[in-house]
Amino acid sequence: MMKGRNLPLNQRGLNFEMLMWYFTRLSALAMYVLVLVAVIGALLMGARTQMNLADVLRWAFMPNSIHVQSTNVPDLAPWATTFWKVSGSLMLLLAASHGVHGVVVVLDDYFAQKWVRQLVRALSILFLVPMSIIGLYVLWTS
Amino acid sequence: MASERNVSLLRGLRYKGEGPMLTFILHRIGGLGIVLFVTVHILASFLGGKGGQFINAIYEHWLFQIFVYFCALFHAINGLRITILDLWPALLEYQREAIWLEWAVFLPVYGIAVFIILRTALGG
């Protein structure tokens, strides 16, 4: 049994893993909110354009105007406003950090050596930062 | 801190974790599938051109769509269950009921989409 497992709440302290435990759950809730906002937006802006479920969902997961290019939407302008770019950027950053941390958690279950775990963490940062920048670049230049 | 594993693969496979274990494994597969898809998708839309179109063709294939939709939907629904039960631990007592509820939501939503994907892909 791990030491400290049964410590009362006020003696457990706050460390990075604990914060990330909260972040994983709270970012999930935040992404649910963002998806809901995007669905409502798509239903408002896409009404009368025969959007099907797949088009709405594609927009819901990432509100980027490229995602409705191939639909019957007559004007892309309302789909490419700053509001949707900020919303999409939030989705990207939340999803990327949630996902990369998730990969670290999975890899920790298979590698117990300290140096491998540190390597995994270093590689995860090296992966997260450029991918976030590339994603933001795509979002804001499209 | 770091735990040494002395459980063989065979023994691990025979572990009878039942419903909760299944959701745990599917949650991992789903999460890794999403990471894979999102990474490739971001790179493809960044590169564009011939390479981007080639990668687009892969994930527009109906087999890939069925896979990635499973990953996204299961991870989202199971993640919501984990979030709710973890943030309100009193509910953990009803974990198995929550998992049954989760399947009751997941199966119809996933099944209808797979039916439509297959009908579009094969029926034309």
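A. Representation of the overall build of chain A within the structure. When helices and strands are counted, chain A shows four helices and zero strands. Ordered by position in the sequence, the α and β elements of chain A form the string α-α-α-α. Its C-alpha atoms give chain A a radius of gyration of 20 Å, clearly above 14 Å, the size a compact globule of 142 residues would have. Once the C-alpha set of chain A is aligned to its principal axes, its extents read approximately 60 × 30 × 25 Å. Contacts spanning at least 24 positions in sequence make up 67% of the contacts within chain A whose residues lie at least 6 apart. Averaging the locations of the 10 positively and 5 negatively charged side chains of chain A gives two centres separated by 10 Å.

B. Inspection of the interface of chain B and chain A at higher detail. Every contact between the two is made by 23 residues of chain B and, on the other side, 26 residues of chain A. Buried area between chain B and chain A, summed over both chains or domains, comes out near 2,100 Å², and the portion from carbon and sulfur atoms is 74%. If you sort the residues of chain B by the area they bury against chain A, Arg28(B), Ile42(B) and Phe46(B) come out on top, with a joint share of 25%. Where chain B touches chain A, the interface holds two salt bridges. In this structure, Arg28(B) and Asp109(A) form a salt bridge, with 2.6 Å as the shortest nitrogen-oxygen distance. Put simply, chain B and chain A have three residue pairs in polar contact (both at pLDDT 80 or more) between them. Secondary structure elements with two or more residues in the side of chain B that touches chain A: α2 (18-47) and α4 (62-87) of chain B. For the side of chain B that touches chain A, the residue count by class is 14 nonpolar, six polar and three charged.

C. Main features of the nonpolar core. Residue and element names in this part refer to chain B. With 14 residues, the main nonpolar core has Phe70, Leu73, Phe74, Trp103, Phe106 and Tyr110 as its most contacted residues. Of all elements in the fold, only α4 and α5 (95-123) reach the threshold of two or more residues within this core. For this core, the leading source of residues is α5, giving seven residues. Those residues in contact with Leu73 that sit more than four places away from it in its chain are Phe106, Val109 and Tyr110.

D. Quick peek at the environment of Ile29(B). Mapped onto the fold, Ile29(B) is located in helix α2. With 74 residues separating them in the primary sequence, Ile29(B) and Trp103(B) have C-alpha atoms 17 Å apart.

E. Highlighting the packing of aromatic side chains. Evaluated as defined, the whole model comprises 17 aromatic pairs over all chains. Centre to centre, the rings of Phe83(A) and Trp84(A) are 4.9 Å apart; their planes meet at 75°, and the pair counts as edge-to-face. Among the residues examined, Trp84(A) registers a relative accessible area of 6% and is labelled buried. Relative to Phe106(B), the ring of Phe74(B) has its centre 5.6 Å away and its plane inclined at 85°; by these criteria the two rings are edge-to-face. Residue Phe74(B) is found in helix α4, and its partner Phe106(B) is found in helix α5; the two are separated by 32 residues along the sequence. Taken together, the ring pairs connect Tyr69(B), Phe70(B), Phe74(B), Trp103(B), Phe106(B) and Tyr110(B) into an aromatic cluster. Cation over ring: Arg25(A) sits above Trp21(A), and NZ or CZ is 4.1 Å from the ring centre.

Quick notes on the rules
- Residues numbered from 1 in each chain as written.
- Chains lettered and ligands numbered in written order.
- Predicted model: local features only at pLDDT ≥ 70, side-chain atom pairs only at ≥ 80, totals over all residues.
- Heavy atoms only, no water.
- Helix = DSSP H or I, 4+ residues; strand = E, 2+ residues; numbered from the N terminus.
- Rg over C-alpha atoms; globule rule 2.2 N^0.38 Å.
- Contact = heavy atoms within 4.5 Å.
- Lys, Arg positive; Asp, Glu negative; His and termini not counted.
- Charge placed at Lys NZ, Arg CZ, Asp CG, Glu CD.
- Buried area = accessible area lost by both parts, 1.4 Å probe.
- Salt bridge = Lys/Arg side-chain N within 4 Å of Asp/Glu carboxyl O.
- Polar contact = N/O pair within 3.5 Å; in protein donor to acceptor, adjacent residues only side chain to side chain.
- Nonpolar A, V, L, I, M, F, W, Y, C, P; charged D, E, K, R; others polar.
- Core = buried A, V, L, I, M, F, W, Y, C linked by side-chain atoms within 4.5 Å.
- Buried < 20%, exposed > 50% of the residue type's maximum accessible area, 1.4 Å probe, protein only.
- Phe/Tyr/Trp six-rings, centres within 6.5 Å; stacked < 30°, edge-to-face > 60°.
- Lys NZ or Arg CZ within 6 Å of the ring centre and 35° of its normal.

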